[in-house]
Number of protein chains: 2
Amino acid sequence: MGRGITIEDVARAADVSRQTVSRVINHSPRVSPSAKARVEEAIATLGYVPSLAARSMGGGRSGVLLAVFPESQTGSGTAQELGGMLLAGSAACGAQGYRLLFEPLCAAAGDPGAAAKLAGTIGALQPEGVILLPPLDRAPELRKLLDSRGIPRATLPGSEAASGNAGEAAARRLIELGHRQIGYISGPGDPQRSERWLAGYRRALAERDSRAHRHFVAEDQPGLCTALDLVRALLVPTIRPTAIITERADTALAVLHVARSLKLAVPRDLSLIALAEDPELVTCDPPIAALHRPVAALFAGACERLMAARKTADDTAVSAELPLELTLELIERPSIARAPRAI
Amino acid sequence: MGRGITIEDVARAADVSRQTVSRVINHSPRVSPSAKARVEEAIATLGYVPSLAARSMGGGRSGVLLAVFPESQTGSGTAQELGGMLLAGSAACGAQGYRLLFEPLCAAAGDPGAAAKLAGTIGALQPEGVILLPPLDRAPELRKLLDSRGIPRATLPGSEAASGNAGEAAARRLIELGHRQIGYISGPGDPQRSERWLAGYRRALAERDSRAHRHFVAEDQPGLCTALDLVRALLVPTIRPTAIITERADTALAVLHVARSLKLAVPRDLSLIALAEDPELVTCDPPIAALHRPVAALFAGACERLMAARKTADDTAVSAELPLELTLELIERPSIARAPRAI
DNA sequence: TTGAAAGCGCTAACAC
DNA sequence: GTGTTAGCGCTTTCAA
């Protein structure tokens, strides 16, 4: 097994030329069934896998998708999101014989070096498509670079704010259920996002003339423990929120415990909704509703879009950024219910 | 910018042959300083980056490190760990001009298809080194394959159990501090690991003839909320643990709150230690001690070992698995203290 | 110290 | 439908 099976070996085994083998593995229609069958068998028995390097050098498709992410990822949830995208993206790409590569890039938005570095990476890898992960998707020089090179690019749908504000959506839903006193617990995480969601929550309340409970936690993102202290303080008085929104799943879980220790039943006395999804939210009692931004799924979708773009348009046109639907999904679970008649 | 800058362009600009350029970028000693200088300047001004594909095809180093992970990663902490490794590994590799690629592989340990698939990936990528992420590192057929191909491989040090049992280490430390009644809260996560740690905890207690509080949570991994209920039940009676170990960081944080709501001071009345590190553990009050397995750092170390192996040994010998030190680090923080004299 | 030649595995473009 | 030819960008081996 010196250097691996090559197309030549397959060609010999199937008694055809290299080109025919090439046609088969590239799904060219102009191959006779018999030849195709023999080639496929040879491929299977020999365990042949085309060399990525040779393939991309020959001028064909490299079979590589590139995802660039900001270098200095510091948030705590970030690694998790990244991991989720890696998992989902790899699965999606692998299913179509593609490979997915993650590369860090300087986070500084306007950094001119970033574009240069991306150019280098592109030259080295010849990716068939590039996914710009936030906040890189907002860097015009990167987009321009990709466009000028004719490389399809994609971004996570809805990263541009407007399209999905979880805080607002959650608040609206609770208001719809008759709640008027709604607490909001921001948890550690991306502060900018937190602020946006909090603003959305305020907006929803203002529109419907609902009074938010004053003690929601805002600017300073409290740790889990501090947040729980606040929640307890919030829930002890007779006049208390009938619903609480938490940014993080673990906070919601802990709030459930606090409520229980205070003899408050969920959802009878208190509705609970988390702005992040987590398997534990399903298994607790009662299961907690969540507003979920399926980042991993969206990412996988972006990969698929890119792979499809290559097949159809080829060099005709650079794939536009078709925004996917489903950017934010409300997962209803027993932890939310209509507000009690009176407080 | 049709297809990118090639070595030819650089050679022309520096007025030398391609070989000379090649020598420069490969740090060959046999290049005259003047030529070297001109080449380097040309590279800089042209923004030349060697094509990975051409390079690996020419028979040289591909500049690619491959990390394979089990396909069906289901644990909730897993994505986070994976993301952390991606972050740390990319940084380490990027610093030396390497690229890091993550590929999923069937999880089933003995799956014969896994080896075949890995062989294919190797053929396609020609990686210079492969990192087998647990539990893939225990698959002999994969190791064998890599060895037979002469590809350096690495695994995360200490994944083989023995070297680091966080449960045991934490228990020992607490016993050392005089604690005898120690609770253990297993949290959702890798059940196997959980079981090992729990066993280690039991072992430590048994050795020192300490009595674990019976109500620790074992086999069934409770959700956060359930765990808190249990902790509360544990802490209410007069006879209660003087220390609690939690597998997850968020559980520790929440336990801190529970203790507080029960008027128990940490660490005066209760010592607390988490078996996972998290930024929040530092910011809470008091900061909570943690036993941390720096997976990301270990992974980056593995990458570095692989890159070094290529430079020195080349094809002489496949790099052995030098276990790193520092596989488990105890981060002392104010949440642990000597046990109170009497209970 | 440098250059010329050959070839890595594959795919486009062109023949047949 | 199929085989032939000519590279892709680089590195190795050999000559100078």
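Residues numbered from 1 in each chain as written. Chains lettered and ligands numbered in written order. Predicted model: local features only at pLDDT ≥ 70, side-chain atom pairs only at ≥ 80, totals over all residues. Heavy atoms only, no water.

Along its length, chain A carries 13 helices and nine strands. Buried residues in chain A amount to 51% of all 343 residues. By sequence separation, contacts in chain A at least 24 residues apart represent 75% of the contacts at least 6 residues apart. Working note: accessible area of chain A is about 15,200 Å², and carbon and sulfur atoms make up 54% of it. (Helix = DSSP H or I, 4+ residues; strand = E, 2+ residues; numbered from the N terminus. Buried < 20%, exposed > 50% of the residue type's maximum accessible area, 1.4 Å probe, protein only. Contact = heavy atoms within 4.5 Å. Areas by Shrake-Rupley, 256 points an atom, 1.4 Å probe, with all protein chains shown as cover.)

Near DNA strand D, the surroundings consist of 27 residues, among which Arg23 and Ser32 of chain A together with Ile7, Ser22 and Tyr48 of chain B are the closest. Among the atoms of DNA strand D lying within 4 Å of the protein, the sugar-phosphate backbone contributes 57%. At 3.0 Å, a backbone N or O of Ser17 of chain A approaches a phosphate oxygen of DNA strand D. Here a base oxygen of DNA strand D and a backbone polar atom of Met57 of chain A are 2.7 Å apart. Elements represented by at least two residues in the surface near DNA strand D include exactly α2 (18-25) of chain A together with α2 (18-25) and α4 (52-57) of chain B. (Near = heavy atom within 4 Å. Polar contact = N/O pair within 3.5 Å; in protein donor to acceptor, adjacent residues only side chain to side chain.)

The subject of this paragraph is the UniProt feature "domain: HTH lacI-type" (unreviewed entry) in chain A. Under the local residue numbering, the UniProt record ascribes the feature "domain: HTH lacI-type" (unreviewed entry) to residues 5-59 of chain A. Across residues 5-59 of chain A, the secondary structure splits into 65% helix and 0% strand, with the terminal C-alpha atoms separated by 20 Å. (UniProt positions renumbered as here; feature names shortened; annotations may be inferred.)

With an axial shift of 0.1 Å and an RMSD of 0.4 Å, the rotation relating chain B to chain A amounts to 180 degrees. What the superposition gives is, in effect, a two-fold axis relating one chain to the other. Relative to the rotation axis, the C-alpha of Gln80 of chain B is the closest in chain B, positioned 1.7 Å from it. Interface residue correspondence from chain B to chain A reaches 100%, placing this contact among same-surface, isologous pairings. (Least-squares fit on C-alpha atoms with pLDDT ≥ 70 in both.)

Neighbouring DNA strand C are 28 residues; Ile7, Gln19 and Tyr48 of chain A together with Arg23 and Ser32 of chain B lie closest to it. Ser51 of chain A is positioned such that a nitrogen or oxygen atom in its backbone is 3.3 Å from a phosphate oxygen of DNA strand C. Those elements that place two or more of their residues in the surface near DNA strand C are α2 and α4 (52-57) of chain A together with α2 of chain B. Of all the elements, α2 of chain A adds the most residues to the surface near DNA strand C, at five residues. The class makeup of the residues in the surface near DNA strand C is 10 nonpolar, 12 polar and six charged. (Nonpolar A, V, L, I, M, F, W, Y, C, P; charged D, E, K, R; others polar.)

For the rest of this paragraph, the subject is the interface of chain B and chain A. With 53 residues of chain B at the interface, the matching set in chain A holds 53 residues. In this assembly, chain B and chain A are joined by six salt bridges. The partner of Arg99 of chain B in a salt bridge is Glu103 of chain A, and the shortest N-O contact between them spans 3.0 Å. On inspection of chain B and its partner chain A, the count reaches 16 residue pairs in polar contact (both at pLDDT 80 or more). Listed by contribution, the elements that provide at least two residues to the side of chain B that touches chain A are α4, α5 (76-95), β2 (99-105), α6 (112-125), α10 (224-235), α11 (249-261) and α12 (279-283) of chain B. Sorting elements by how many residues they give to the side of chain B that touches chain A places α5 of chain B first, with nine residues. The class makeup of the residues in the side of chain B that touches chain A is 27 nonpolar, 16 polar and 10 charged. (Salt bridge = Lys/Arg side-chain N within 4 Å of Asp/Glu carboxyl O.)

Before going further, it helps to examine the sheet that holds strand β8 (residues 289-292) of chain B. Residue and element names in this part refer to chain B. One open sheet holds the five strands; their spatial order is β5-β6-β7-β8-β9, and the pairing between them is mixed. With partners counted over all chains shown, the strands left at the sheet margins are β5 (182-185) and β9 (329-331), one partner each. On average, adjacent strands in this sheet sit at an angle of 20 degrees to one another, irrespective of strand direction. Bridge analysis of β8 against β9 gives three bridges, and the strand direction is antiparallel. Note on β9: the bridge partner recorded for His292 is Glu329. The sheet strands contacting helix α8 (residues 166-176) are β5, β6 (243-246), β7 (271-274), β8 and β9, and the helix crosses β6 at an angle near 165 degrees. (Pairing = 2+ DSSP bridges. Axes fitted to C-alpha atoms, helices over the stretch in contact; angles between N-to-C directions.)

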